[in-house]
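Single-letter residue listing:
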Amino acid sequence: MRAHPQFRYEEVANLVVSLVDSGTLSPGSRAPSLREISKQQQVSLSTALQAYRLLEDRGVLEARPQSGHYVTSRAALRLEPPAITNPPGRPAAVVISPTLSKVMQYSVDPRLVPLGGAIPSAELLATARLDRFLARAARTKGASYNTYTEPRGDLRLRQEIARRAVRWGTAVSPEDIVITSGCMEAIALALSIVTRPGATVAIESPTYFGLLRSLEALGLKVLELPTDAADGIDLAALKNVLERKGVKTCLFSSSFNNPLGSTMPSENKLKVLALLARYRATLIEDDINGDIYFGPQRPVPFMALERSANNVIYCSSFSKTVAPGYRIGWMVTKTAAQMERALERKLAFTLSGPPLLQAAFADFLASGGYDNHLRRIRRVFEYTIGQMSRTVERSFPAGTKVSRPAGSFVLWLELPKSVRTAALFDEALKNGICFVPGDAFSVSGRYGHCLRLSGAHGWNERIEKGVVKLGDLASAAATRSAAASLSKR
Ligand SMILES: Cc1ncc(COP(=O)(O)O)c(C=O)c1O
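Conventions we followed
Residues numbered from 1 in each chain as written. Predicted model: local features only at pLDDT ≥ 70, side-chain atom pairs only at ≥ 80, totals over all residues. Heavy atoms only, no water. Helix = DSSP H or I, 4+ residues; strand = E, 2+ residues; numbered from the N terminus. Rg over C-alpha atoms; globule rule 2.2 N^0.38 Å. Buried < 20%, exposed > 50% of the residue type's maximum accessible area, 1.4 Å probe, protein only. Contact = heavy atoms within 4.5 Å. Lys, Arg positive; Asp, Glu negative; His and termini not counted. Charge placed at Lys NZ, Arg CZ, Asp CG, Glu CD. Expected span 1.5 Å × (residues − 1). Arc of directions from axis to C-beta. 1 Å grid on protein atoms, 1.4 Å probe; cavity = no way out; pocket = protein on both sides within 12 Å on 5 of 7 lines; lining within 4 Å. Points joined across faces, edges and corners; volume = space filled by probe spheres on them. Nonpolar A, V, L, I, M, F, W, Y, C, P; charged D, E, K, R; others polar. Domains from an automatic or database assignment. Pairing = 2+ DSSP bridges. Core = buried A, V, L, I, M, F, W, Y, C linked by side-chain atoms within 4.5 Å. Near = heavy atom within 4 Å. Polar contact = N/O pair within 3.5 Å; in protein donor to acceptor, adjacent residues only side chain to side chain. Areas by Shrake-Rupley, 256 points an atom, 1.4 Å probe, with all protein chains shown as cover. Sits in = over half its atoms within 2 Å of the grid points. Buried area = accessible area lost by both parts, 1.4 Å probe.

Asker: Lay out the overall build of the protein chain with the relevant residues and their values.
Answerer: Along its length, the protein chain carries 16 helices and 17 strands. Radius of gyration (C-alpha) of the protein chain: 23 Å, near the 23 Å computed for a compact globule of 489 residues. The principal-axis extent of the C-alpha atoms belonging to the protein chain is close to 60 × 60 × 45 Å. Across the 489 residues in the protein chain, those meeting the buried criterion constitute 57%. For the protein chain, the proportion of contacts with a sequence separation of at least 24, taken over those separated by at least 6, is 76%. Side-chain charges in the protein chain split into 62 positive and 43 negative, and the spacing between the mean points of these groups amounts to 1 Å.

Right, here's the structure in full:
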C-alpha cells in the first residue's frame, strides 16, 4: 500500500492497517462495519467499500458472507517483537554513553531526517492556540506575573492538573502538586528527596537516557531489570532485588516506556505496589506518555491504583503532547514530609518556575481545547507507528525485531547481533538521517545492536524515505559482517 495516499479510500485503508498494527484490531477480530467506518471517517459508503476491497486484495481483511469483514491471520506484522531483555542483575555506576552527546547535537539538526529526538514537531503541536493564550496573558497580566512565585507554582495550573487526574480515578489536591521545569526536573526532585548518593535505583532496561543522566548527576547506581517490550518489568526480578539487594527506590514508566513502548497491565502494577509496600520501597513513576494511548482507554498510573499512595511519587509533563518548549511538568506526592523536602529542593535549585507561561498554560487547559488536540495527535502517532513498522518490515535486514507500542511514538528495533548501531549512526548521519543507537539506553552495554526510531514528526514522504534508507544501510552492514565472518572461517 502506498504510504502517501492520494485518494480518500486509501487513507481509510491505511487507517485500518494502523489499527491492526497497534493491536486495536487483532487477527480474527471483526473490523468496523462499512456503515460504521463511513460514519467515523465521514466518507461515502462506496468509498468505505473501495477501502475494504483494497484491504481484501492486500490480505488484511476477508469478507464473510452475512457477517461482515474480519482481520486475517496474515494481516499482523510478520516481524517478531523483541524478547524480554536480560541485563546483568547487579548494581552499576552510571556511565553515560559517548554516543549520547552526538545524538543530542544531531537530534535537533533540521537538515537530518528526524528519526532521533522524541520531540513532537511544531506542526503537530497546538502552537498557534498556545501562542494566543500566551499573548493574552502577557497583555492582560504581564506586569503582575513578572515576579517570583511560590515554589509550588501557579495555583490555577495545579487545579487544572488535579482536575484531570480525577479522570483516571484518583483524588489529587492542588496542594499535592509541585510545578516543575518539565518531567526531568520532577524526576530529579523526586530522586533527590528519596535517595542519597551511592544508593541503587531499580530501573527498566532499556530506559530513557535522560533518566540515566539524572541518576548519574545525583551519584546514584542503577540496577537494570529484565523488561518485556509488551508488559514491562519482570516481577520475579523486582522481588529479588527488593528482597536480596536491599533496593529502596524504583523508577519506572507508568505506560509506553521510552524506548520499548511497554506498559505494565494494571494487575502487574498492583503486584508491584504490593511488593513495594512489603519491602518499604518507593516508586517514582514517569507518566509522560500516558495521554498518548491508541486503545480505547488511558492506562492507569500506579498512583491511581494505590490506596494509600504513600510510596509512589508521580511525575509527568506536557512536553510530549503540546508544549515541550514551555517546560511545564509536575510532581505529585501525597506525603507531607516528601512535599516539604521537594519544596526545599525546588527553592535550592530554581526558586520558582516562570509564572507567565504557567498562567497562560492554565488558561489553555481551562479553555477545554486540550482534549480535542490529544484526540488528533493520538491518531497521528498511531498512524505513524503503523506506517513506520510496515516500512521497517520491508526495508530492514532479515531477523530484525520490532516493538509493538500501544501508545507514544517511538519504535525499538533489535537488529541482527552483528550490526553495531553506533557505527550505523555515523553512516546514517553521512546520509542525512538521525536515530538513536541502542547503547544510549542502558549502562549494561547490551543494546549495541538495537536502535530507537522516533515518529515525533508524523508520517510523510521524507520520513518514509529516511526509514527505507536506514534499512538499506542496516542490511548492507549485516551483509558485510556475514561476509567477514565467512572469510574468517
Ligand atoms: C520517558 C521520558 N521521561 C522524561 C522526559 C523528559 O521530559 P521533559 O521534556 O518534560 O522534561 C522524556 C523526554 O524525552 C522522556 O522520554
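Asker: Describe helix α12 (residues 336-349), naming the residues involved and giving the relevant values.
Answerer: Since the α-helix advances by 3.6 residues per turn, residues separated by three or four positions end up pointing in the same direction. Compared with an ideal rise of 1.5 Å per residue, which puts 14 residues at 20 Å, α12 spans 20 Å between its outermost C-alpha atoms and is within 8% of the ideal. Listing the buried residues of α12 in full gives Gln338, Met339, Ala342, Leu343 and Lys346. Each buried residue of α12 sits inside an arc of 135° when the element is viewed along its axis, so together they form one side. Away from its buried face, by an angle of more than 90 degrees, α12 presents the exposed residues Glu340 and Ala348. Among the structural elements, β5 (177-181), α7 (182-194), β10 (282-286), β11 (312-317) and β12 (328-332) are those in contact with the buried residues of α12.

Asker: Residue-level account of empty space enclosed by the protein, with values.
Answerer: Summed over all chains, the structure comprises one cavity of 30 Å³ or more. By volume, the largest cavity amounts to about 50 Å³. If you go around the largest cavity, the residues you meet are Val94, Val95, Ile96, Ser97, Leu100, Phe209, Leu212, Asp439, Ala440, Ser442 and Val443. Split into classes, the residues belonging to the lining of the largest cavity amount to eight nonpolar, two polar and one charged.

Asker: Pulling in residues and values, what's your account of the layout of surface pockets?
Answerer: Estimated volume of the largest pocket: approximately 610 Å³. If you go around the largest pocket, you meet 36 residues; those closest to its centre are Ala118, Ile119, Tyr208, Asn258 and Lys320. With four residues, the single largest contributor to the lining of the largest pocket is α7. Partitioned by chemical class, the residues of the lining of the largest pocket number 18 nonpolar, 13 polar and five charged. Viewed by domain, the lining of the largest pocket spans two of them, domain 2 (95-122 + 375-488) and domain 3 (127-370), each represented by three or more residues.

Asker: Tell me about the sheet that holds strand β16 (residues 436-437), and please be specific about residues and values.
Answerer: Read across the sheet, four strands follow the order β13-β14-β17-β16 without closing on themselves; strand pairing throughout is antiparallel. Looking at strand neighbours, the two that pair on one side only are β13 (401-402) and β16, the edges of this open sheet. Taken together, the five bridges between strand β14 (residues 410-414) and strand β17 (residues 450-454) define a ladder with antiparallel strand orientation. Counted as the bridge partner of Trp412 is Arg452 from β17.

Asker: How would you summarise the nonpolar core if you had to cite specific residues and measurements?
Answerer: In this structure, Leu115, Leu238, Phe361 and Leu453 are the most contacted members of the largest nonpolar core, which totals 101 residues. Broken down by element, the residue count for this core peaks at eight residues, all from helix α14 (residues 369-395). When residues of this core are assigned to domains, at least three fall in each of domain 2 (95-122 + 375-488) and domain 3 (127-370).

Asker: Could you give me a rundown of the site of the ligand, with the residues and numbers involved?
Answerer: All residues adjacent to the ligand are Gly182, Cys183, Met184, Tyr208, Asn258, Asp286, Ile288, Ser317, Ser319, Lys320 and Arg327. Between an oxygen atom of the ligand and a main-chain N or O atom of Cys183, the distance comes to 2.7 Å. Here an oxygen atom of the ligand and a side-chain polar atom of Asn258 are 2.8 Å apart. The protein chains hide 91% of the 400 Å² of surface that the ligand would expose on its own. Mapping the ligand onto the cavity grids shows that it belongs to the largest pocket.

Asker: For the side chain of Ser454, give the residues involved together with the corresponding values.
Answerer: Along the chain, the position of Ser454 falls in strand β17. Among the polar contacts listed, one links the side chain of Ser454 to the backbone nitrogen of Ala456, at a separation of 3.1 Å. Excluding its chain neighbours within four sequence positions, the residues that come into contact with Ser454 are Pro114, Leu115, Gly116, Gly117, Ala118, Met388, Phe409 and Val410.

Asker: Can you explain the domain arrangement of the protein chain? Please cite residues and give values.
Answerer: The extent of an interface is frequently quoted as the accessible surface area lost upon association of the parts. Considered domain by domain, the protein chain is made up of domain 1 (8-71), domain 2 (95-122 + 375-488) and domain 3 (127-370). Computed from C-alpha coordinates alone, the two centres of domain 1 and domain 2 are separated by 30 Å. Residue-level contacts link nine residues of domain 1 with seven residues of domain 2. Approximately 690 Å² of surface area, both sides summed, lies buried where domain 1 meets domain 2, with 48% of it carried by carbon and sulfur atoms. If you sort the residues of domain 1 by the area they bury against domain 2, Ser18, Asp21 and Ser22 come out on top, with a joint share of 60%.

Asker: Outline the environment of Gly142, listing residues and values.
Answerer: Along the polypeptide, Gly142 turns up in helix α5 (residues 127-145). In the structure, Gly142 is positioned 107 residues away from Arg35 in sequence and 52 Å away in space, judged by C-alpha atoms. Those residues in contact with Gly142 that lie beyond four places of it in its chain are Ala137 and Leu356.

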